[in-house]
Structure formats: structure tokens, C-alpha cells
Amino acid sequence: MILGINQTKSAGKNAFVITEDGFPVYKAESPWTPIHKLSLSITDEAGQPLYNTSYSFYENFTEELIPFKYLFTGSQKFDQFSVTDTDGKTIGSFYIEKNGLWDSKVCIKYNDKLLIGYRVGTGFDENVTFYNGDTVVGQLTKSNAMVADNKDNYMLHFLDEYVELKPLLAFFAIYYDFVYHNNTGEAVVGYKVSYKKSLHKNVDKYDMDFIRNNFGENAVQDMNNFFKDSVKKSSSLNLKLFWTIFGIGVGLAAFMAFVIIFVFNR
């Protein structure tokens, strides 16, 4: 199972289209304003509701009230969102769990099962490797090499045995973007580049070969092409002009660093 997640709107509201084999299968939205109801939603391609989130201020407030509580209790949950179906029935939840200063994980709970994801920055990519017990079953990938107009793009790879969870897993990607990359209240036109490397306890949980081993070498190239095409579609700004300005900026920074080093070593 391979899904592509493209953010199509990043001002006034956050809107997303989820595709499979290039065809739209879901649409989703998350709040954008600083004061909001903390409600996320996902529909099928025709706009028929599938899932919503329910956020309990009381539950989250009482759990997060004591800073660093996990240092004493061993566990503390953050950003807990219940997932409800069209009948209002709770079928699962998304949340962040911390177990130590350098030990945190993202969690997908559904019925009596739990998938645990470990977030790792690998440079221009950001990855969440998902485990069912000790087995790697999926990966969410975000490209930070280039983001246009605050519109984030993701790819989700999961083993086929989890295909029945496809809408729930797609919905998690929207939750993940809301928690980590929401850019609340920002209206940006232009490109951003971010390079981040993770240094924490769970960095070894990242399986760099999961996609290649389970979906083939072509899947890696397909993902790279997906991110490149997504950026081109996300903004009307001249990408060539951006890289020219970016290159000049890097060159000037390198030159200034050389001058400073030369002066201080005379």
C-alpha cells in the first residue's frame, strides 16, 4: 500500500488530497487559525465523511499539566485525539507518548491494537518508522528539501496486510502534519529548505531499507519524483530563480566565513 499526501491549501485552512497510483482517494482538512476547535476530518474522494477527530481539553490538560511527568511515571501522553466514525463512535486514537528526555514515539491505536512510530530526521527527509511489536510494518516520509508556500508533502508506505486501515493511516498523516508542521496562522508564498538530523534514543529504530526491501528499488525513485513534482505544483513562483538566489546566499555565507577565519588566524 502506497499513498501520496499533498497539501493543497495552507492559508485560511489546511487542505490535503491523498492519492493512490496517482488517483485521488481521500480529501482531508485540519485547522489553521490560532483559535480553533482542534477538529480534523477526512472524506472519500467524493466528499463523503469517513473520520473526524474529537479533542478533549480536560483529558489533555490533566495529562500534560505536570511538566516532565514522564521522568517520574515513565510515561506521559501529549496531543491526544480520538478518532470517530460517521456514527460518532470512537474507533481509535492518535497521540504522542514520551518515556524519557530522549525517548518519544507517535502512536496509532485502533480497536485493541497499537502501532508505534519512531520519528527520525535524516537530513532533507523526515521519517516515521512504524512497528507492530518488533516488526517494521510501515513508514511515513516527509521531504524537507523544498517546501513551497507552506504546503507539505508526504508518502506513506505500509505492508499490504494493513490495507483495511488505509483511510485511518492516511488520516494519521494529517494529524502528524497538524502536530509537527501546522504553521498555525502563517500565510507564506515562497520556498523553504530544512535540514535536520536526529540525535536521540530511538534513532536506531529507523529502517532506511524498508521501502527498498518491501516495494522495490523503483519505489524509492518514484518517491523522489513524487516530491519533486509536488513542489512544482505547489507554487507559481519561479523555482529556477529561487535556486539562483539560494545559491548566491550560500556562496556569500561561505565567503563571509572564509573572511572571518582568515582575519582571526592572521
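Just above sits the structure.
In this report, the structure presented in the accompanying data block is examined. (Residues numbered from 1 in each chain as written. Predicted model: local features only at pLDDT ≥ 70, side-chain atom pairs only at ≥ 80, totals over all residues. Heavy atoms only, no water.)

## Points about the environment of Glu126
Its place among the elements puts Glu126 in strand β10 (residues 125–132). Between the C-alpha atoms of Glu126 and Ser143, which are 17 residues apart in sequence, the distance is 6.4 Å. With near-sequence residues (within four places) excluded, Glu126 lies in contact with Arg119, Val120, Gly121, Leu140, Thr141, Lys142, Asn144, Tyr176 and His181. (Helix = DSSP H or I, 4+ residues; strand = E, 2+ residues; numbered from the N terminus. Contact = heavy atoms within 4.5 Å.)

## What to know about the packing of aromatic side chains
This model, assessed by the stated rule, comprises 20 aromatic pairs. With a centroid separation of 5.0 Å and 55° between ring planes, the pair formed by Tyr55 and Phe81 is classed as tilted. Within this pair, whereas Tyr55 is found in the loop between β5 (49–54) and α1 (57–64), its partner Phe81 is found in strand β6 (residues 76–84), the two being separated by 26 residues in sequence. For the ring pair Phe130 and Phe158, a centre distance of 5.4 Å and an interplane angle of 40° mean the geometry is tilted. One end of the pair, Phe130, is in strand β10; the other, Phe158, is in strand β13 (residues 153–158), and 28 residues separate them in sequence. Sitting over the ring of Tyr180, Arg119 keeps its end group 3.7 Å from the ring centre. Stacked on the ring of Tyr131, the Lys or Arg Lys205 has its end atom at 5.5 Å from the ring centre. (Phe/Tyr/Trp six-rings, centres within 6.5 Å; stacked < 30°, edge-to-face > 60°. Lys NZ or Arg CZ within 6 Å of the ring centre and 35° of its normal.)

## Quick word on the side chain of Gln139
Counting through the fold element by element, Gln139 comes out in strand β11 (residues 135–143). Side chain to side chain, Gln139 and Asn127 meet in a polar contact 3.2 Å long. (Polar contact = N/O pair within 3.5 Å; in protein donor to acceptor, adjacent residues only side chain to side chain.)

## Structural notes on the pairing of β10
Judged by how many residues are buried, β10 sits mostly within the fold: 6 of 8 residues are covered. Note that strand β9 (residues 113–123) and β10 share 6 bridges and pair antiparallel. Looking at the pairing, Gly117 lines up with Phe130 of β10. In this antiparallel pair of consecutive strands, β9 and β10, the connection spans 1 residue. Count of turn residues in the β10/β11 antiparallel hairpin: 2 residues, of which Gly133 carries a positive phi of about 70°. (Buried < 20%, exposed > 50% of the residue type's maximum accessible area, 1.4 Å probe, protein only. Pairing = 2+ DSSP bridges.)

## Remarks on the pairing of β13
The buried count for β13 comes to 6 of 6 residues, which makes it a mostly enclosed element. By the alternation rule, side chains of β13 split into Asn153, Met155 and His157 and Tyr154, Leu156 and Phe158, which are all buried. Across 5 bridges, the pairing between β11 and β13 is antiparallel. Of the residues in β13, the one forming a bridge with Leu140 is Leu156.

## Observations regarding helix α3 (residues 166–180)
Along its 15 residues, α3 runs 21 Å from first to last C-alpha, staying within 8% of the 21 Å computed at 1.5 Å per residue. For α3, the buried fraction is high: 13 of the 15 residues fall into the buried class. (Expected span 1.5 Å × (residues − 1).)

## Notes on the layout of surface pockets
Approximately 290 Å³ is the volume found for the largest pocket. Along the wall of the largest pocket there are 17 residues; nearest its centre are Ser104, Arg119, Val120, Ser198 and His200. It is strand β8 (residues 103–110) that provides the largest number of residues to the lining of the largest pocket, a total of 4 residues. Counted by class, the lining of the largest pocket contains 5 nonpolar, 5 polar and 7 charged residues. (1 Å grid on protein atoms, 1.4 Å probe; cavity = no way out; pocket = protein on both sides within 12 Å on 5 of 7 lines; lining within 4 Å. Points joined across faces, edges and corners; volume = space filled by probe spheres on them. Nonpolar A, V, L, I, M, F, W, Y, C, P; charged D, E, K, R; others polar.)

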